[in-house]
Amino acid sequence: MKSLAILSVLVACALSAPVMAEVYQYVDANGKTVFSDQPPPGAKAKPLNVRAYAPASAPAKAVKGSPLSDIDKKNAEISAENAKVKEQNKKVAQENCKRARDNLTSLQQNGRIRMPGSTALATDSQRTALLQQAQQDVQSWCNQ
C-alpha cells in the first residue's frame, strides 16, 4: 500500500515537471530575429533551451455585487488623481501659451529690444533670433 502511494506521488511529480522544448533563433532576410520550433533550411539557427510549463489555471471570477477590492479602490484613486494632474497641466499649458503670444507680440511691436538680463540693446541678428525663439515658443505651447 505504501509503495503504491509513493509511486503515485512520483508519477504526479514527473507529470508536473517542466517540459523541454526545442526552439531555434535566427535572423531572417529582413534582418529581424526570429524564434521557431524548426530550424530554417539554409540559415544558421542557434538552438535555445526553453522550459515549457503547464498553463496556469484560470483566475476565479469575482462575484457580482461584491464590494470593490482594495486594488480596485486604489486604481480608482489613482485615476482620479491622474485626471486632476491632467487638468492642471492643461491650465499651465494655456497660461504658457498666453505668455508666449504676449512675448511674441511685444517683440514684433517694439523696434528697440533690450537683451534679457542686460541693459544692452539687441542687434538686428539678435532681434531676429529672439523673434524666431518666440515663434517657436508659441508653436510649442499653443499647438498641442
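## Observations regarding the overall build of the protein chain
In terms of regular secondary structure, the protein chain is built from 3 helices and 3 strands. Traced from its N-terminal end to its C-terminal end, the protein chain shows the element sequence α-β-β-β-α-α. Per-residue burial for the protein chain yields a buried fraction of 12% across its 144 residues. For the protein chain, the share of sequence-separated contacts (at least 6 apart) that also reach a separation of at least 24 residues comes to 37%. Accessible area of the protein chain: about 12,500 Å², with a carbon and sulfur share of 56%.

## Observations concerning the confidence of the model for the protein chain
The share of residues in the protein chain with pLDDT of 70 or more is 73%, and the mean pLDDT across the chain is 78. At the level of individual helices and strands, the protein chain shows its lowest average pLDDT in helix α1 (residues 2–16), which scores 60, and its highest in helix α2 (residues 70–109), which scores 89.

## What about the nonpolar core?
Ranked by size, the top nonpolar core spans 10 residues in total: C97, A100, L104, L107, I113, A122, L131, A134, V138 and C142. Elements with a minimum of two residues in this core: α2 and α3 (124–142). Once you skip the residues sitting within four places of it in the chain, A122 turns out to touch I113, M115 and R127.

## A closer look at the state of the cysteines
Under the counting rule described, the total for this entry stands at 1 disulfide. The residue that forms a disulfide with C97 is C142, at a sulfur-sulfur distance of 1.9 Å. Because the sign of the S-S torsion sets the handedness, a value of about 110 degrees for the bond joining C97 and C142 places this disulfide among the right-handed ones. Here C97 is found in helix α2, whereas its partner C142 is found in helix α3, with 45 residues between them in sequence. The pair C97 / C142 is uniform in exposure class, with both members buried.

## Describing the environment of A100
Within the secondary structure, A100 sits in helix α2. Its relative accessible area of 9% is what places A100 among the buried residues. For the pair A100 and W141, spaced 41 residues apart in sequence, the C-alpha to C-alpha distance is 7.6 Å. With sequence-adjacent residues up to four places away left out, A100 is seen in contact with D137 and V138.

## Points about the pattern of salt bridges
All chains considered together, the criterion is met by 1 salt bridge. Residue K98 pairs with D102 through a salt bridge whose shortest N-O separation is 3.0 Å. Pair noted here: K98 and D102 are both in helix α2, with a separation of 4 residues, about one helical turn. Given the relative accessible area of 42%, D102 is considered partly exposed.

## Regarding the packing of α2 against α3
At a minimum axis distance of 8 Å, the contact between α2 and α3 shows a crossing angle of 155 degrees. What the angle tells us is that α2 and α3 run roughly antiparallel. You can see that α2 and α3 cross each other, and the crossing is left-handed. Between α2 and α3, the residues in contact are A93, N96, C97, A100, R101, N103, L104, L107 and Q108 and R127, L130, L131, A134, Q135, D137, V138, W141 and C142, respectively.

Calculation notes
The numbering scheme is per chain: residues are counted from 1 as the chain's sequence reads. Per-residue local features are limited, in this predicted model, to residues with pLDDT of at least 70; the limit for side-chain atom pairs, both in listing and counting, is 80 or more; totals at the level of whole chains, interfaces and linings are taken over all residues. Derived side-chain values reflect all non-hydrogen atoms in the structure, with water molecules and hydrogen atoms excluded from consideration. Numbering of helices and strands runs from the N terminus; a helix is a DSSP stretch of H or I covering at least four residues, while a strand is a stretch of E covering at least two. When accessible area is computed with a 1.4 Å probe and restricted to protein chains, residues below 20% of their type maximum are described as buried, those above 50% as exposed, and intermediate ones as partly exposed. Contacts are assigned to residue pairs that have any heavy atoms within 4.5 Å of one another. Per-residue and other accessible areas were derived by the Shrake-Rupley procedure at a 1.4 Å probe size, with only the shown protein chains allowed to occlude residues. Summary of the metric used: pLDDT quantifies the predictor's per-residue confidence within the range 0 to 100. We define the nonpolar core as a collection of buried residues of types Ala, Val, Leu, Ile, Met, Phe, Trp, Tyr and Cys that are connected through side-chain atoms lying within 4.5 Å of one another. In plain terms, two cysteine sulfur atoms within 2.5 Å form what is called a disulfide here. One speaks of a salt bridge when a side-chain nitrogen belonging to Lys or Arg is within 4 Å of a carboxyl oxygen belonging to Asp or Glu. Lines are fitted to the C-alpha atoms to define the axes, a helix being fitted only along its stretch in contact, and any angle between axes, read from their N-to-C directions, falls within 0 to 180 degrees. Note on terminology: angles under 35 degrees are roughly parallel, angles over 145 are roughly antiparallel, angles of 65 to 115 are roughly perpendicular, and the others are oblique. By definition, turning the near helix anticlockwise from the far helix through less than a right angle yields a left-handed crossing, and turning it clockwise yields a right-handed one.

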